[in-house]
Amino acid sequence: MPGMGTGGQGFSAEEIDTSRPHPARMYDYYLDGWDNYEVDRAAAERVIEVHPQVRLSARANRAFLRRAVREAVHGGIRQILDIGTGIPTSPNTHEVAREAAPGVRVAYVDNDPIVATHAGAKLTDAGGTGFALADVRDPESILRNPVVRELLDFTEPVALLLVAVMHFVKDEEDPAGIIATLGDALPAGSLLILSHATEEPYEEYAAGRTDHKARDGVLDVYKNATAALNLRGRAAIEPLFGPFELLEPGLVRVPLWRPDGPVPGAEELSNTIFYGGAGRKG
């Protein structure tokens with residue numbers, strides 16, 4: 001069974017940067033997890049201070065991931081490439097997928113050694129799963145990675161998950177080109193499941209208004225983290241899907257993507273800062 005990291009190696013404590021907040025550990029804190037350090041908690045609390053609804057957003061985004069994975073598996077996909085995995089939060093991608101089809105294979109990818117450490121304990125203890133230490137900014141290295149190549153058959157459809165990760169990629173790092181490289185490696189019938197943070201208010205709640213104080217406060221916190229936040233509007237996010245044709249209901253606030261419960265009101269949607277969608281490669 002594939003081990004954690006590209007070659008199954010472990011990581012020493014010295015390789016984990018605890019001097020600066022890390023977005024994955026901050027996200028874990030938003031989700032009430034325990035896999036974070038004081039520096040992460042302090043930074044996350046500063047974000048919560050200026051944007052108290054950030055935990056609502058994190059939970060809504062996680063719920064979107066679960067619904068989208070279920071849709072992919074119900075549609076017949078049996079293998080998943082989850083890039084930007086973050087610190088595992090149960091139910092994890094393979095747990096959600098295997099509720100619908102026990103044989104789904106999942107390759108998890110992240111660029112942080114602490115995620116690799118947790119992946120060894122929580123993600124790769126089941127057959128048909130593996131973890132690769134790699135960076136989305138180098139998509140070719142992901143596609144070449146032996147863990148990914150061992151788990152996934154690129155002649156069969158793959159669900160590519162880029163959930164809450166592309167907003168850590170700068171414009172000059174060419175997010176559309178990164179996704180295009182990954183998409184080119186996938187056959188017809190594959191899905192791209194993507195969510196992305198935005199500063200845009202929900203149009204029915206506050207058209208034309210942006211809360212610059214909250215936005216600037218959040219961005220300032222992430223400037224000191226290991227990865228800066230790059231907020232984008234819907235008009236900049238939708239083209240990232242490239243050749244993947246958006247499925248209904250298109251690119252929407254994540255609670256509106258095929259909801260399985262009550263739909264939030266306009267104010268809550270405005271405070272949920274993630275757009276999400278799924279597209280199929282023809």
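First things first, this report covers the structure right here in the doc. All values reported here derive from a predicted model rather than from experimental measurement. (Residues numbered from 1 in each chain as written. Predicted model: local features only at pLDDT ≥ 70, side-chain atom pairs only at ≥ 80, totals over all residues. Heavy atoms only, no water.)

On to unusual backbone geometry. The general pattern is negative phi for most residues beyond glycine and trans for most peptide bonds. In this model, Glu248 is joined to Pro249 through a cis peptide bond whose omega is 5°. Along the polypeptide, Pro249 turns up in the loop between strand 6 (244-246) and strand 7 (252-253). One non-glycine residue, Ala164, adopts positive backbone phi at about 55°. Residue position: Ala164 is located in the loop between strand 4 (159-163) and helix 8 (175-184). (Helix = DSSP H or I, 4+ residues; strand = E, 2+ residues; numbered from the N terminus.)

Next up on the list: the environment of Ser190. Position of Ser190 relative to the elements: it lies in the loop between helix 8 and strand 5 (191-197). Considering only alpha carbons, one finds Ser190 and Met26, 164 residues apart in sequence, at a separation of 31 Å. Filtering out sequence-adjacent residues up to four positions away, Ser190 remains in contact with Pro157, Val158, Phe244, Gly279, Arg280 and Lys281. Within polar-contact distance, the side chain of Ser190 engages the backbone nitrogen of Val158 at 3.0 Å. Side-chain polar atoms of Ser190 contact the backbone oxygen of Pro187, separated by 2.9 Å. (Contact = heavy atoms within 4.5 Å. Polar contact = N/O pair within 3.5 Å; in protein donor to acceptor, adjacent residues only side chain to side chain.)

Across the eight residues of helix 1 (residues 23-30), seven count as buried, placing the element largely inside the fold. Of the positions making up helix 1, those classed as buried are Pro23, Ala24, Arg25, Met26, Asp28, Tyr29 and Tyr30. Positive phi appears at Asp32, one or two residues downstream of helix 1, with a value of about 65°. (Buried < 20%, exposed > 50% of the residue type's maximum accessible area, 1.4 Å probe, protein only.)

Most of strand 8 (residues 274-281) is tucked away, with seven of its eight residues classed as buried. Where strand 5 meets strand 8, seven bridges bridge the pair, whose relative direction is antiparallel. Residue pairing across strands places Ser195 opposite Gly276, the latter belonging to strand 8. Where strand 6 lies against strand 8, three bridges are found, and the strand directions are antiparallel. Residue pairing in the sheet places Leu246 in a bridge with Gly279 of strand 8. (Pairing = 2+ DSSP bridges.)

Functional significance is not addressed by these values, which are geometric in nature.
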